[in-house]
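Observations on chain architecture
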Amino acid sequence: VQLQASGGGLVQAGGSLRLSCTASGGAYISFVSGWFRQAPGKEREYVAAIRWSGGNTYYADSAKGRFTISRDSAEKTVFLQMNNLRPEDTAVYYCAADNAIGLATIGLWTAYKFWGQGTQVTVSS
């Protein structure tokens, strides 16, 4: 499974960005896809996740109400719509996927086998 992330950039506080993560090389019906982020000097942090089968979504508290994760099954692409961005959202954002994720592990970056390259999101104040 290969993941290709895109969509990062520089935006002012209050602005929006949409990240995309396109998958190739595998069957995804049993997969969970997640977005994580890592700011300089900080641990990798869970943002949101979605089940390909059924489309159930899950969010970190920091993302609730501002970020929306979705998927396009035909395009094998997961999106992260980020609204009302804050300077503290500045980080490298990574998409990840795995077919053995449960509720107990959905927010643990160590549980995901497959990773895309990061995409930088910078929010200026």
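Higher on the page you've got the structure.
Scoring rules and cut-offs
Residues numbered from 1 in each chain as written. Predicted model: local features only at pLDDT ≥ 70, side-chain atom pairs only at ≥ 80, totals over all residues. Heavy atoms only, no water. Helix = DSSP H or I, 4+ residues; strand = E, 2+ residues; numbered from the N terminus. Buried < 20%, exposed > 50% of the residue type's maximum accessible area, 1.4 Å probe, protein only. Polar contact = N/O pair within 3.5 Å; in protein donor to acceptor, adjacent residues only side chain to side chain. Contact = heavy atoms within 4.5 Å. Pairing = 2+ DSSP bridges.

Another point: the side chain of Asp89. Within the secondary structure layout, Asp89 lies in the loop between strand E8 (77-82) and strand E9 (91-98). The class for Asp89 is buried, based on a relative accessible area of 1%. Only 2.9 Å separates the side chain of Asp89 from the side chain of Arg37, close enough to count as a polar contact. Among residues more than four places away in sequence, those in contact with Asp89 are Arg37, Arg66, Phe67, Asn84, Val121 and Val123.

Right, let's talk about the pairing of E8 for a bit. With respect to burial, E8 is a largely interior element, 5 of its 6 residues being buried. Inspection of the sheet shows strand E3 (residues 17-24) paired to E8 by 6 bridges, in the antiparallel sense. Among the inter-strand pairings, Thr22 is bridged to a residue of E8, identified as Thr77. Relative to E8, strand E7 (residues 67-72) is paired through 6 bridges, and the arrangement is antiparallel. Paired with Thr68 across the strands is Gln81, a residue of E8. The antiparallel pairing of E7 with E8 creates a hairpin that spans 4 residues between the two strands, and Lys76 there sits at a positive phi of about 55°.

Before going further, it helps to examine the side chain of Thr119. Within the secondary structure, Thr119 sits in strand E11 (residues 119-124). Judged by its relative accessible area of 9%, Thr119 is buried. Among the polar contacts listed, one links the side chain of Thr119 to the backbone nitrogen of Gly8, at a separation of 3.0 Å. Excluding anything up to four places from it in sequence, Thr119 contacts Ser6, Gly7, Gly8, Leu19, Ala91, Val92 and Tyr93.

Okay, the environment of Asn83 next. Its location among the elements puts Asn83 in the loop between E8 and E9. For Asn83, a relative accessible area of 31% corresponds to the partly exposed category. Sequence spacing of Asn83 and Ala13 is 70 residues, and the spatial spacing of their C-alpha atoms is 9.5 Å. Every residue in contact with Asn83, bar those within four places of it in the chain, is listed here: Gly15, Ser16, Arg66 and Phe67.

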